Amino acid sequence: MRYGQRKIQFSRFDIQANDHPIDKNKDYGVIHAKLPAKSKEVRHFHRQARQIFFMLVGNATIEVDGEVIELKPLESCEIPPRVAHQIFNKSDEEIAYIITSQPNSHGDYVIAEN
């Protein structure tokens, strides 16, 4: 199964936050995240939240339920609820991306077994 990967173009995209929520309420969340060079997030899933990872700076590798997806700037990946995923930064530079969650993923984080 191929998860939703697509390239999105914006004429203007302003970020007013750094490594914390840009906008958050019970219905949705928007987070500006950074991942240091040669690091990874913990593999996890969300019981209710559907997420979209949108790359801003650098290239990321996202493992989604066993499928490996490579994302470049201005590309995105949609992750359905209850699907285990993990983002990796294999590069020598910090990467930056936006995560949108619907509903908000705060408190809806379950560590997944490998």
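It should be emphasised that the depicted structure is a prediction, and the values quoted were computed from it without experimental measurement.

**Side note on the side chain of Thr61**
Inference 1: With respect to the helices and strands, the residue Thr61 is situated in strand S7 (residues 60-64).
Inference 2: Overall, Thr61 belongs to the buried group, its relative accessible area being 6%.
Inference 3: Side-chain polar atoms of Thr61 contact the side chain of Glu70, separated by 2.8 Å.
Inference 4: Sequence-distant contacts of Thr61, that is, excluding residues within four places in its chain, are made with Val68, Ile69, Glu70, Gln86, Ile87, Phe88 and Lys90.

**Thoughts on the packing of aromatic side chains**
Any pair of aromatic rings gets described here by the distance separating the centres and the angle formed by the planes.
Inference 1: Summed over all chains, the structure comprises one aromatic pair.
Inference 2: Sitting above the plane of the Phe88 ring, Lys90 keeps its charged end 6.0 Å from the centroid.

**Topic: the pairing of strand S9 (residues 75-79)**
Inference 1: Counting buried positions along S9 yields four of five residues, so the element is predominantly enclosed.
Inference 2: In this sheet, S9 lies alongside strand S6 (residues 50-57) in antiparallel orientation, the contact comprising four bridges. Within the sheet, the bridge partner assigned to Phe53 lies in S9 and is Cys77.

Criteria and cut-off values
Residues numbered from 1 in each chain as written. Predicted model: local features only at pLDDT ≥ 70, side-chain atom pairs only at ≥ 80, totals over all residues. Heavy atoms only, no water. Helix = DSSP H or I, 4+ residues; strand = E, 2+ residues; numbered from the N terminus. Buried < 20%, exposed > 50% of the residue type's maximum accessible area, 1.4 Å probe, protein only. Polar contact = N/O pair within 3.5 Å; in protein donor to acceptor, adjacent residues only side chain to side chain. Contact = heavy atoms within 4.5 Å. Phe/Tyr/Trp six-rings, centres within 6.5 Å; stacked < 30°, edge-to-face > 60°. Lys NZ or Arg CZ within 6 Å of the ring centre and 35° of its normal. Pairing = 2+ DSSP bridges.

Shape is all these values report; function is a separate question.
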